[in-house]
Amino acid sequence: DHIGIAVKDLDQAKKFYSDMLGMEIMGEEVVEEQKVRVCFIPCGDSEIELLESTSPEGPIAKFIEKNGDKEGIQHIAVRVDNVEAAIADLKEKGVRMIDEQPRYGAGGAKIAFVHPKATGGILLELSERA
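What counts, and at which threshold
Residues numbered from 1 in each chain as written. Predicted model: local features only at pLDDT ≥ 70, side-chain atom pairs only at ≥ 80, totals over all residues. Heavy atoms only, no water. Helix = DSSP H or I, 4+ residues; strand = E, 2+ residues; numbered from the N terminus. Buried < 20%, exposed > 50% of the residue type's maximum accessible area, 1.4 Å probe, protein only. Contact = heavy atoms within 4.5 Å. Areas by Shrake-Rupley, 256 points an atom, 1.4 Å probe, with all protein chains shown as cover. Lys, Arg positive; Asp, Glu negative; His and termini not counted. Charge placed at Lys NZ, Arg CZ, Asp CG, Glu CD. Pairing = 2+ DSSP bridges. 1 Å grid on protein atoms, 1.4 Å probe; cavity = no way out; pocket = protein on both sides within 12 Å on 5 of 7 lines; lining within 4 Å. Points joined across faces, edges and corners; volume = space filled by probe spheres on them. Nonpolar A, V, L, I, M, F, W, Y, C, P; charged D, E, K, R; others polar. Arc of directions from axis to C-beta. Polar contact = N/O pair within 3.5 Å; in protein donor to acceptor, adjacent residues only side chain to side chain.

1. Re the overall build of the protein chain
And then number 1: Within the protein chain one finds 3 helices and 8 strands.
And then number 2: Element order for the protein chain, N to C, with α for helix and β for strand: β-α-β-β-β-α-β-α-β-β-β.
And then number 3: Its C-alpha atoms give the protein chain principal-axis dimensions of roughly 45 × 30 × 25 Å.
And then number 4: For the protein chain, with 130 residues in total, the buried portion stands at 43%.
And then number 5: In the protein chain, 50% of the contacts between residues at least 6 apart in sequence involve partners at least 24 apart.
And then number 6: Total accessible area on the protein chain stands at roughly 7,500 Å², and carbon and sulfur atoms take up 51% of it.
And then number 7: Computed over 16 positive and 25 negative side-chain charges, the separation of the two mean positions in the protein chain equals 6 Å.

2. As for the pairing of strand β7 (residues 110-114)
And then number 1: Where burial is concerned, most of β7 is hidden: 4 out of the 5 residues are buried.
And then number 2: Bridge count for strand β6 (residues 103-104) against β7 is 2 bridges, and the pairing is antiparallel. By the bridge assignment for β7, Arg-103 is matched with Ile-111.
And then number 3: Linking β6 to β7, which pair antiparallel, is a turn of 5 residues; within it Gly-107 sits at a positive phi near 70°.
And then number 4: Judged from the 5 bridges that link them, β7 and strand β8 (residues 124-128) form a sheet pairing that is antiparallel.

3. Re the layout of surface pockets
And then number 1: In this structure, the largest pocket spans a volume of roughly 570 Å³.
And then number 2: Along the wall of the largest pocket there are 32 residues; nearest its centre are Pro-59, Gln-74, His-75, Phe-113 and Leu-123.
And then number 3: Looking at the lining of the largest pocket, the element that brings in the most residues is helix α2 (residues 59-66), giving 5 residues.
And then number 4: Grouping the amino acids of the lining of the largest pocket by side-chain chemistry returns 17 nonpolar, 8 polar and 7 charged.

4. Here's the deal with helix α3 (residues 83-92)
And then number 1: Taken as a whole, α3 has its buried residues at Val-83, Ala-86, Ile-87 and Leu-90. Buried residues in α3, looked at end-on, bunch into an arc of 100°, giving them a common side.
And then number 2: Where the residues of α3 are buried, they touch β7 and β8.
And then number 3: The opening residue of α3 is Asn-82, an N-cap whose side-chain oxygen sits 3.0 Å from the backbone nitrogen of Glu-84.
And then number 4: Looking at the residues trailing α3, positive phi occurs at Gly-94, about 85°.

5. Here's the deal with the side chain of Ser-53
And then number 1: In this fold, Ser-53 is placed in strand β4 (residues 46-53).
And then number 2: Polar side-chain contacts of Ser-53 include one of 2.5 Å to the backbone oxygen of Ser-55.
And then number 3: Ser-53 has contacts with Val-7, Lys-35, Gly-58, Ile-60 and Ala-61, leaving out every residue within four places of it along the chain.

On their own, these measurements won't tell you what the molecule is for.
Spelled out as structure tokens, the structure:
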């Protein structure tokens, strides 16, 4: 579905993708419950999601701090037809989840995260888009 990239300054990051790479920026929104400001950039059959923290306590700010004040890939999202069914299937298989119930994601998606300890260290997002 998309690759989530944590950035310190969304406006600066957007300029690189639009001005230097000629990519089209598709909107922008704030997801209050996740403490992020995001935009999506179509890239082939997928998208790049740029994420800027709106709070020092937000997961993106913590990710950047934990990684030595460096921006970078924060998560990889796979699209699913039914996020509730995907969660149930993974739990039945013994996969550790961060979210056992879907939550609201950018672009109106229903999302859930698989724990990195279950994926070899990758934060994996399940994304159901309307």
